[in-house]
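Chain residues, written in single-letter form:
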Amino acid sequence: MSKLIRIGTRDSELALWQAKIVQSQLEHLGHKTVLVPVKSTGDIVLDKPIYELGITGVFTKTLDVAMLNGHIDIAVHSMKDVPTVLPEGIVQAAVIKRGNVRDCLVFNDNEEFLSQREAIIATGSLRRRAQWLNRYPTHTMVGLRGNVNSRLEKLENSDWNGAIFAAAGLGRLDIKPEESFNLEWMIPAPAQGAIMMTALENDEETRAICAEINHEETEIATSIERKFLNLLEGGCSAPIGALAFVKEEEVHFQGVLLSLDGTKKIEVQRTVALGAHHDLAQFCADYVIERGGNRLMDTLKKGDQKTNIYSTKTLTEEQKHMFCDAVISESSDFIKISLNRMTPTVLRPMPKNVIVTSKNAVQALLTNFSSEELKFENIYCVGGKTKRFVERKIGKVKHTETSAKALAQYLVNYIDGTNVTYFCSDLRLDDLPTILAENHIDVNEVVAYETKYDSQTIDDTVEGVMFYSPSTVQSFKRENDVEDNMIAFCIGETTATEAKKHFKDVRVAKMPTVESVVALVNDYYEK
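What counts, and where the lines are drawn
Residues numbered from 1 in each chain as written. Predicted model: local features only at pLDDT ≥ 70, side-chain atom pairs only at ≥ 80, totals over all residues. Heavy atoms only, no water. Core = buried A, V, L, I, M, F, W, Y, C linked by side-chain atoms within 4.5 Å. Buried < 20%, exposed > 50% of the residue type's maximum accessible area, 1.4 Å probe, protein only. Helix = DSSP H or I, 4+ residues; strand = E, 2+ residues; numbered from the N terminus. Contact = heavy atoms within 4.5 Å. Polar contact = N/O pair within 3.5 Å; in protein donor to acceptor, adjacent residues only side chain to side chain. Arc of directions from axis to C-beta. Axes fitted to C-alpha atoms, helices over the stretch in contact; angles between N-to-C directions. Parallel < 35°, antiparallel > 145°, perpendicular 65-115°, else oblique. Left-handed = near helix turned anticlockwise from the far one by under 90°. Nonpolar A, V, L, I, M, F, W, Y, C, P; charged D, E, K, R; others polar. Pairing = 2+ DSSP bridges.

Visitor: Give a detailed account of the nonpolar core, specifying residues and quantitative values.
Guide: I224, F228, I240, F253, L257, L280 and V288 are the most contacted members of the largest nonpolar core, which totals 25 residues. Ranked by residues supplied to this core, first place goes to helix α9 (residues 280–301) with eight residues. Among residues more than four places away in sequence, those in contact with L280 are I224, V251, F253, R270 and V272. Core analysis: the next-biggest nonpolar cluster, separate from the first, contains 22 residues, M342, V354, A364 and Y449 among them.

Visitor: Can you explain the side chain of R127? Please cite residues and give values.
Guide: Among the secondary structure elements, R127 is positioned in helix α4 (residues 126–135). Engagement of the side chain of R127 in a polar contact is seen with the side chain of D103, the distance being 2.9 Å. Not counting the four nearest positions on each side in its chain, R127 is found in contact with D103, M186, I187, P188, A189, Q192, P239, I240 and G241.

Visitor: Hey, could you go over helix α3 (residues 61–68) for me, with residue numbers and the actual values?
Guide: An α-helical turn contains 3.6 residues, so a residue and the one three or four places further along point in the same direction. Considered for burial, the residues of α3 that qualify are L63, D64, A66 and M67. Angularly, the buried residues of α3 cover 165 degrees about the axis, an arc narrow enough to put them on a single face. Each element contacted by the buried residues of α3 is listed here: β1 (4–10), β2 (32–38), β3 (74–78), β4 (90–95) and β10 (195–200). The first or second residue beyond α3 is G70, which carries a positive phi of 80 degrees.

Visitor: Would you mind going over the packing of helix α13 (residues 404–414) against helix α14 (residues 431–438) in detail, with residue names and values included?
Guide: Across the interface, α13 lies against α14 with an axial gap of 8 Å and an inter-helix angle of 20 degrees. The angle between α13 and α14 falls in the class roughly parallel. Crossing of α13 against α14: the hand is right-handed. Across from A404, K405, L407, A408, Q409, L411 and V412 in α13, the residues of α14 making contact are D431, L432, I435 and L436. The residue inventory of the contact of α13 with α14, partitioned by class, reads eight nonpolar, one polar and two charged.

Visitor: Before we move on, could you go through the sheet that holds strand β15 (residues 329–331) and cite the residues and values that matter?
Guide: The strands making up a sheet associate through hydrogen bonds between their backbones, and the pairing can be parallel or antiparallel. Ordered in space as β15-β14-β22-β23-β24, the five strands form an open sheet in which the pairing is parallel. The outermost strands of the open sheet, each flanked by one partner alone, are β15 and β24 (505–508). The sheet shows a mean angle of 20 degrees between the axes of neighbouring strands, taken without regard to direction. Here strand β23 (residues 487–490) runs beside β24; their pairing, made up of four bridges, is parallel. If you follow A488 over to β24, its bridge partner there is V506.

Visitor: I'd like a description of the sheet that holds strand β8 (residues 162–166), backed by residues and values.
Guide: Strand order in the open sheet formed by five strands is β7-β6-β8-β5-β9, and the pairing between neighbours is mixed. Each edge of the open sheet is held by one strand with a lone partner, namely β7 (140–142) and β9 (180–183). The mean angle between the axes of side-by-side strands here comes to 30 degrees, regardless of whether they run parallel or antiparallel. Strand direction decides the pairing type here: strand β5 (residues 103–107) and β9, joined by four bridges, are antiparallel. By the bridge assignment, C104 is partnered in β9 with N182. Relative to the sheet, α4 contacts β5, β6 (120–122), β7, β8 and β9, its axis offset from that of β8 by approximately 130 degrees.

Visitor: Give me the environment of L16: which residues, what numbers.
Guide: Summarising the element assignment, L16 is placed in helix α1 (residues 13–28). Put simply, L16 and H77 are 61 residues apart on the chain and 9.9 Å apart in space, counted from C-alpha to C-alpha. Once residues within four sequence positions are removed from consideration, L16 is found in contact with T9, R10, D11 and P37.

Visitor: Explain unusual backbone geometry residue by residue, including any values.
Guide: Note that the residue after R348, namely P349, is joined by a cis bond; omega there is -10 degrees. You can see P349 is positioned in the loop between β16 (335–339) and β17 (353–356). Of note, D109 is a non-glycine position whose phi angle comes to about 70 degrees, a positive value. Mapped onto the elements of the fold, D109 is located in the loop between β5 and β6. Look at E249: it is not a glycine, yet its phi comes out positive at around 65 degrees.

Here is the structure:
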């Protein structure tokens, strides 16, 4: 008497359809089967996106447990839902011929929103969300969970413009909305459209039976896609797409890795001869990693961690990646700079002694005058970066200090003459002009730019704030309270002086650079 094969499946309509297809193919070959429906966590918890559930294999774990406990012989899965590393003792037994691999947009009313700036698109997939935002960056994305029918119902009863589905899921349920089309430009999830069976590794009889319905080309393509996913260390919570297919004795592959907001995208395409495809996934994953994929994946892995450091100046990607692993940073500009218009009278007569304390003042000068017009005899600066910028754009700097106060004290003793022109902000500190005036040095102040506060309210998880000027401290205080244990990481002494008015713990970088402030933060977290 032949073995009765117990087929484990989720109890959703789509999962049952897939299990019945497997059942039909096995019974067509003369095998006896029975379906064993099991409810998964992914089907029970519908009020959160999949990536927030914190479970590896959210749709497969319950079936894995049932198999290991001997309640089922095989499990049938949507292959894209299966983790790339299976539980110990469980193996892939077969994959049947693949269905439609594409994503499908179902929309309300009409397609006009595709050419408009504003639109609302629903999806529960980070991959779909990221690719859509990469193509339509001004559109708004909203979450969508549930089975296919409930998602279609939510779309119909909403003010959304559209929602994205797997075309295979719609087709298998014989749902063909008139207002829909496949997104040929969107790279699908690895193994999308494929149905996979797993079995116990030591159950040779069941594995041999499953092998009878295995589709080799689908197995080759999906294995490459899943290996690419595995090598990038991604899962269903990472915006990774991959598609391989066999055509005319060649294996074609395209893959993509994106940032969550779609602003960054790394793509790869490659075609190799069938039989020479075994290293294809490795080659393509290495290609992505070498072009910044490792940094992008690091950022994605930290995505569910809470921000503990906030920078009051927008950091570059390179600066963000200088932080140690314990730091989860966020940044934005807490002050906005507006360069002022200056008339030619500013240079009449040409100032002999000039003070600039920031690159903003230099930018303002160069916006109003050509570098050839700026024939200053003596230029005095604050900060090494400002000095280098001045010497690159205007001319040689006679002397520089790390703070405005230190520069004023230097000028008291060494200035050539008794007059100086100070190109400054409307929110400048009093130290420099006050010290110079007290020592009988006339200061002609020219407001070269205006500093406007643009504070953001930070999360209560933030333990430290990075400041780069007294103005950033003042802006921060407008929208935020300072907790007793909060640390101020400051670029220099002048900034620290302002921070000490509000923070108990104030730390100063060794050098007046953003990179030095990052190092200061790392020193604290690596103690």
